[in-house]
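In case you want the letters, here they are:
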Amino acid sequence: MAQVSLQNISKIFAGGTRAVNDISLDIENKEFMVLVGPSGCGKSTALRMIAGLEEITSGNIYIGNRIVNDVPAKDRDIAMVFQSYALYPYMTVFENMSFGLRLRHYPKHDIIQRVNEAADMLSIKHLLNRRPRELSGGERQRVAVGRAIVRKPTVFLFDEPLSNLDAKLRVQMRTEIHKLHIRLQTTMIYVTHDQVEAMTMGDRIAVMRDGVLQQVADPISIYDRPINKFVAGFIGSPPMNFMLGRIVKKDSRLYFEEGKIIIKVVEDMQEKLAGYVNKEIIFGIRSEDIYDKLFVSDAPPENIVRVNCEVAEPMGSEVYLYLNTGKHTFIARVGAHDRPKVNQDMDVVFDMSKVHFFDKDTEKTII
């Protein structure tokens, strides 16, 4: 069993900087868990504590049923893949991949078999006699992953392994790592600041901010039901649009009001927002839930907003529209053939069945 359990772990560096603050997280056997958050949120520090490369200030870490707080990194039965590849430049690919096995005095035939199996899996068998300087960035990262695979650890740790690759290679390598997880059926913990990587790779995602765990759930749940404004804004590309306004009541119905924008709240949300009447509240809507009025025949008049299209960014199959209300800028994501003319006014429709509301003071999700 390769369950990993973090129980109230914290890390305070000399000088008082609290990098990780009282995190508890259970990672199931064979699960692909992604720790995601902005730079400096503590995700890499948490990973390094699991690896044994960073001492724990408080709390406990379990791998399987064994507490590993004081177990040296080499005895934790884990393998780590670093952002910098960490290959020995004077060794061949074969020697880099087999280095850990040779240190542990594995039989020569066993080493050759394991290296060949990993090289086949990663399509790098033809590179075994080359040195790192003769490899591309993607090939070096494959070698680094192969070096981890040959050890057959109970847990794989990945610390932003794709950050140094170009966009095309990142997409290719994240697919390869995902396929490896399916094939190896091993617990994997993956750290990234890229929310697209997190959404596409993780069985579950743990979102961190300032050393604190914000939300842990499967990707769709986090996207559809973020626990607070930070998670809502961090997960999703483009990020969620936000606007500060008020909830007002007219003719026994609730509306969100901000300046000239007055939008009717749908029936299902009325009860939860009743306590916010005449109070400031944060309104959030995702880019794909803003539609061009020309393509919506039955839009309620209350949900139509007049905007100016300032910029249109073609993204291939879709276009990002930067829309200005005179006070706020929104990003709408529409089909490639729906692109309006730039610098012209247009009407857009807000899909109020899919919006989010957040408490102004706590920034926690209301609905």
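Anything mentioned here points back to the structure above.
Everything quoted here is computed from the prediction, not taken from an experiment.

Chemist: Report on the pattern of salt bridges, specifying residues and quantitative values.
Modeler: Opposite charge on two side chains allows them to pair when their charged atoms are near. In the structure shown here, the tally under the stated rule is 16 salt bridges. Across the pair Glu176 and Lys179 runs a salt bridge whose closest N-O atoms are separated by 3.5 Å. Placement of both Glu176 and Lys179 in helix 5 (residues 167-184) is noted, with a separation of three residues, approximately one turn of the helix. Note that Asp351 is salt-bridged to Lys354, the shortest N-O span being 4.0 Å. Taking the relative accessible area as the measure of exposure, Lys354 reaches 42% and is therefore partly exposed. The network of salt bridges with common partners includes Lys11, Arg48 and Glu54.

Chemist: Summarise the packing of aromatic side chains; cite the residues concerned and give the values.
Modeler: In the structure shown here, the tally under the stated rule is twelve aromatic pairs. The interplanar angle of 40° and the centroid separation of 5.8 Å between the aromatic rings of Phe32 and Tyr190 together place this pair among those described as tilted. Here the residue Phe32 occupies a position in strand 3 (residues 32-36), and Tyr190 occupies one in strand 8 (residues 187-192), the gap between them amounting to 158 residues. Across this residue pair, the class does not change: Phe32 and Tyr190 are buried. A centroid spacing of 4.9 Å and a plane angle of 55° characterise the contact between Tyr88 and Phe99, whose relative ring orientation is tilted. Of this pair, Tyr88 sits in the loop between strand 6 (78-81) and helix 2 (93-103) while Phe99 sits in helix 2, and the two are eleven residues apart along the sequence. Taking relative accessible area as the criterion, Phe99 reaches 23% and is therefore assigned partly exposed. Cluster of aromatic residues (ring-pair linked, three or more members): Phe256, Phe283, Phe330, Phe350 and Phe357. Lys229 extends its terminal NZ or CZ atom over the ring of Phe242, reaching a point 4.5 Å from the ring centre.

Chemist: Account for the sheet that holds strand 10 (residues 212-217), naming residues and giving values.
Modeler: Sheet architecture is open: six strands sit in the order 6-7-8-3-9-10, paired in mixed fashion. Of all strands in the sheet, those bounded by a partner on one side alone are strand 6 and strand 10. Taken over all neighbouring pairs, the strand axes of this sheet differ in orientation by 15° on average, direction set aside. One ladder, built from four bridges, connects strand 6 with strand 7 (residues 155-159); its direction is parallel. In the sheet register, Val81 faces strand 7, and the bridge partner there is Phe158. Running at roughly 175° to strand 6, helix 4 (residues 137-149) makes contact with strand 6 and strand 7 of the sheet.

Chemist: An account of the sheet that holds strand 2 (residues 18-27) is requested, with residue identities and associated values reported.
Modeler: Read from one edge to the other, the open sheet built from four strands follows the order 2-1-4-5, with strand pairing classed as antiparallel. Bordering the open sheet on either side are strand 2 and strand 5 (66-67), each of which pairs with just one other strand. As judged from the five bridges shared by strand 1 (residues 4-12) and strand 4 (residues 58-63), these two strands associate in the antiparallel manner. Bridge pairing links Gln7 to Asn60 in strand 4.

Rules behind the numbers
Residues numbered from 1 in each chain as written. Predicted model: local features only at pLDDT ≥ 70, side-chain atom pairs only at ≥ 80, totals over all residues. Heavy atoms only, no water. Salt bridge = Lys/Arg side-chain N within 4 Å of Asp/Glu carboxyl O. Helix = DSSP H or I, 4+ residues; strand = E, 2+ residues; numbered from the N terminus. Buried < 20%, exposed > 50% of the residue type's maximum accessible area, 1.4 Å probe, protein only. Phe/Tyr/Trp six-rings, centres within 6.5 Å; stacked < 30°, edge-to-face > 60°. Lys NZ or Arg CZ within 6 Å of the ring centre and 35° of its normal. Pairing = 2+ DSSP bridges. Axes fitted to C-alpha atoms, helices over the stretch in contact; angles between N-to-C directions. Contact = heavy atoms within 4.5 Å.

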